[in-house]
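Fold and geometry: a report
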Amino acid sequence: NESSGNDGSGLNEITGIDGGAGVMSAAQNAIDTYGLDLALQASSGAAMTEALGNAIDNEEPIVVTGWTPHWMFTTYDLKYLDDPENVFGEEESIHTFTRDGLAEDAPEANTVLDNFYWSEDDMGEVMLDIQEGTDPEEAAAKWVESHQDQVDEWTDGVSEVDGDSISLAYVSWDSEIASTNVVKNVLESIGYNVEINSMESAFMWAGIANGEQDAMVAGWLPLTHQEYFEDYEDQVVDLGVNFEGAKTGLVVPEYMDIDSIEDLK
Ligand code: PBE
C-alpha cells in the first residue's frame, strides 16, 4: 500500500536542489554524520518542489532539502526533521553584499541596498504570488505598491539618478527570486537601469568578488554560505542583514511517521 513507506523505510534518496546550494553540502554532511543510506539527488529548486507536490498528491514518502522562508510551508503541511547533531546549524540571516567600490561608484544604490530589510511575511507574500503564477517582476511591483511606507524608508533621503546601470546577481531559489525582484523594482523607482542575472551560487559569489556583478541580496550566513564567504570575505562588502530567522534542513510531509534525521537510518 502507498503509505507503507511513510516511516521512511522505503526511501532511497533525498530530493535535493542545485549542487552549488549550501543546503546541499549540509545535506551531504547529514548523510555522512548520521550514516544514512540515502543518495543525495541534485536537481533544482523548481524540480524539488514539483517532486514534493507529486509525492504529497499520492501521500508517498519523500524527504527534501528545504529552507525557510519558502512558500512550500504555506502551501503544504510539512515539518523539519530534528537535527540532534546540529548539522544544519541554528537560525541564519540573509545578508546583502556588494562589490568593492560600489559605495563610491553608486552611492544612491548602495544606500538603498544597505537599507533593504524585510520580514518573513513580506517575502512570503511575494513568493506565494509568484508561486500562484504571477510574473516575478509583477509580484514585486504589487508588493512595493502595497508596502510603500516600508519602501520609502529604504529610499529615504536618496536622490534620483538618471538611468545609471546596476547589476544584481542571484540564484533561482524561490526566496531569492522574490527578494531580488523587489530590490530591482525599488532601484528602478529611483532611476536605475537594473539588470538581474541568475546564475549558480559559486558564480554569484565570485561575480561580486571580482566586480563583474554589483550586488546581491542572497548571502546566507553564518553556515549555508560559509565556504563561499570564507573564500571571498576580503573581496566583498557585507552591508549586513536583510532578513532574520532563515533556516535550512531536511523537510518531510507532516504525514510521515518520522521526526528526526536519525529516523532515516
Ligand atoms: N537556499 C536558499 C540556498 C540559500 C537560499 C537555502 C537553497 C542555499 O542552500 O545555498
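Residues numbered from 1 in each chain as written. Predicted model: local features only at pLDDT ≥ 70, side-chain atom pairs only at ≥ 80, totals over all residues. Heavy atoms only, no water.

Topic: the domain arrangement of the protein chain
Put simply, the rule reads: The domain limits used here are those given by an automatic or database domain assignment. Buried area: the accessible surface (1.4 Å probe) lost by two parts on joining, summed over both. In the sections that follow, a salt bridge refers to a side-chain nitrogen of Lys or Arg positioned within 4 Å of a carboxyl oxygen of Asp or Glu. Identification of polar contacts relies on pairs of N or O atoms within 3.5 Å, with a donor-acceptor requirement for protein atoms, meaning one able to donate a hydrogen and the other able to accept it, and with residues adjacent in sequence counted only if both atoms are side-chain atoms. Strands here are runs of E lasting at least two residues and helices are runs of H or I lasting at least four, both read from the DSSP assignment and numbered beginning at the N terminus. Amino acids outside the nonpolar list (Ala, Val, Leu, Ile, Met, Phe, Trp, Tyr, Cys, Pro) and the charged list (Asp, Glu, Lys, Arg) are all regarded as polar, and Gly is one of them.
Under the domain assignment, the protein chain is made up of domain 1 (2-90 + 248-264) and domain 2 (92-246). For the pair domain 1 and domain 2, the two sides together bury roughly 1500 Å², of which 63% comes from carbon and sulfur. Joining domain 1 to domain 2, the criterion identifies zero salt bridges. For the interface between domain 1 and domain 2, the tally reads six residue pairs in polar contact (both at pLDDT 80 or more). Mapped by element, the contributors of at least two residues to the side of domain 1 that touches domain 2 are α1 (22-34), β3 (64-68) and α3 (72-75). Looking at the side of domain 1 that touches domain 2 residue by residue, the class counts come to eight nonpolar, nine polar and two charged.

Observations concerning the site of the ligand
Put simply, the test is: Whether a residue is near a molecule or strand depends on its heavy atoms: if one lies within 4 Å, it is near. Note on areas: Shrake-Rupley, 1.4 Å probe, and residue coverage restricted to the protein chains presented here. Here the term cavity refers to a set of points on a 1 Å grid, laid over the protein atoms alone, in which a 1.4 Å probe fits but cannot get out; the term pocket refers to an open set having protein on both sides within 12 Å along at least five of seven lines, with lining residues being those that place an atom within 4 Å of a point. Molecule-in-pocket calls rest on the fraction of atoms, with more than half required to lie within 2 Å of the cavity or pocket grid points.
Near the ligand the following residues occur: Ile17, Ala21, Gly22, Val23, Trp67, Trp173, Glu176, Trp220, Thr224, His225 and Thr248. Between the ligand and glycine 22 there is a distance of 2.7 Å, counted from an oxygen atom to a backbone nitrogen or oxygen. Here an oxygen atom of the ligand and a backbone polar atom of valine 23 are 2.8 Å apart. Bound to the protein, the ligand loses 100% of the 280 Å² it would expose on its own. Judged by the proximity of its atoms to the pocket grid, the ligand belongs to the largest cavity. When residues of the shell around the ligand are assigned to domains, at least three map to each of domain 1 (2-90 + 248-264) and domain 2 (92-246).

A look at the pattern of salt bridges
Stated formally: Only protein chains enter the area calculation, which uses a 1.4 Å probe; residues under 20% of their type maximum are buried, those over 50% are exposed, and those in between are partly exposed.
Using the criterion set out here, one finds six salt bridges in the structure. Among the ionic pairs, lysine 142 bridges to aspartate 129, the shortest N-O distance being 2.9 Å. With lysine 142 in helix α7 (residues 136-146) and aspartate 129 in helix α6 (residues 120-131), this pair connects stretches of sequence that are 13 residues apart. For aspartate 129, a relative accessible area of 14% gives the class buried. Glutamate 188 is the partner of lysine 184 in a salt bridge, and the nearest nitrogen-oxygen pair spans 3.0 Å. With a gap of four residues between them, lysine 184 and glutamate 188 both fall in helix α9 (residues 174-189), about one helical turn apart. Overall, lysine 184 belongs to the buried group, its relative accessible area being 8%. A single network of salt bridges, built from pairs that share partners, joins Arg99, Asp105 and Asp214.

Comments concerning empty space enclosed by the protein
To keep it simple, the criterion reads: Grid points are joined across faces, edges and corners, and a volume is the space filled by probe spheres set on the points.
Counting across every chain of the model gives one cavity of 30 Å³ or more. In this model, the largest cavity occupies a volume close to 90 Å³. In terms of lining residues, the largest cavity is bounded by Ile17, Ala21, Gly22, Val23, Trp67, Trp173, Ser175, Glu176, Trp220, Thr224, His225 and Thr248. Mapped onto the lining of the largest cavity, the elements with two or more residues apiece are α1 and α9. Residues belonging to the lining of the largest cavity are distributed by class as follows: six nonpolar, five polar and one charged. Residue-level mapping places the lining of the largest cavity at the junction of two domains, with at least three residues from each of domain 1 (2-90 + 248-264) and domain 2 (92-246).

Here's the deal with the layout of surface pockets
In this structure, the largest pocket spans a volume of roughly 230 Å³. For the largest pocket, the lining is made up of 14 residues, of which Gly22, Ser25, Leu223, Thr224 and Glu227 are closest to its centre. At the level of secondary structure, the elements contributing two or more residues to the lining of the largest pocket comprise α1 and α11 (226-232). Residue composition of the lining of the largest pocket, by class: five nonpolar, eight polar and one charged. Lining the second largest pocket are Thr68, Pro69, His70, Trp71, Phe73, Thr74, Glu120, Asp121, Gly124, Met127 and Leu128. Contributions of two or more residues to the lining of the second largest pocket are made by α3 and α6. Here the lining of the second largest pocket gets five residues from one element, more than from any other, and that element is α6. Its residues assigned to classes, the lining of the second largest pocket comprises five nonpolar, four polar and two charged. Here the lining of the second largest pocket gathers at least three residues from each of two domains, domain 1 (2-90 + 248-264) and domain 2 (92-246).

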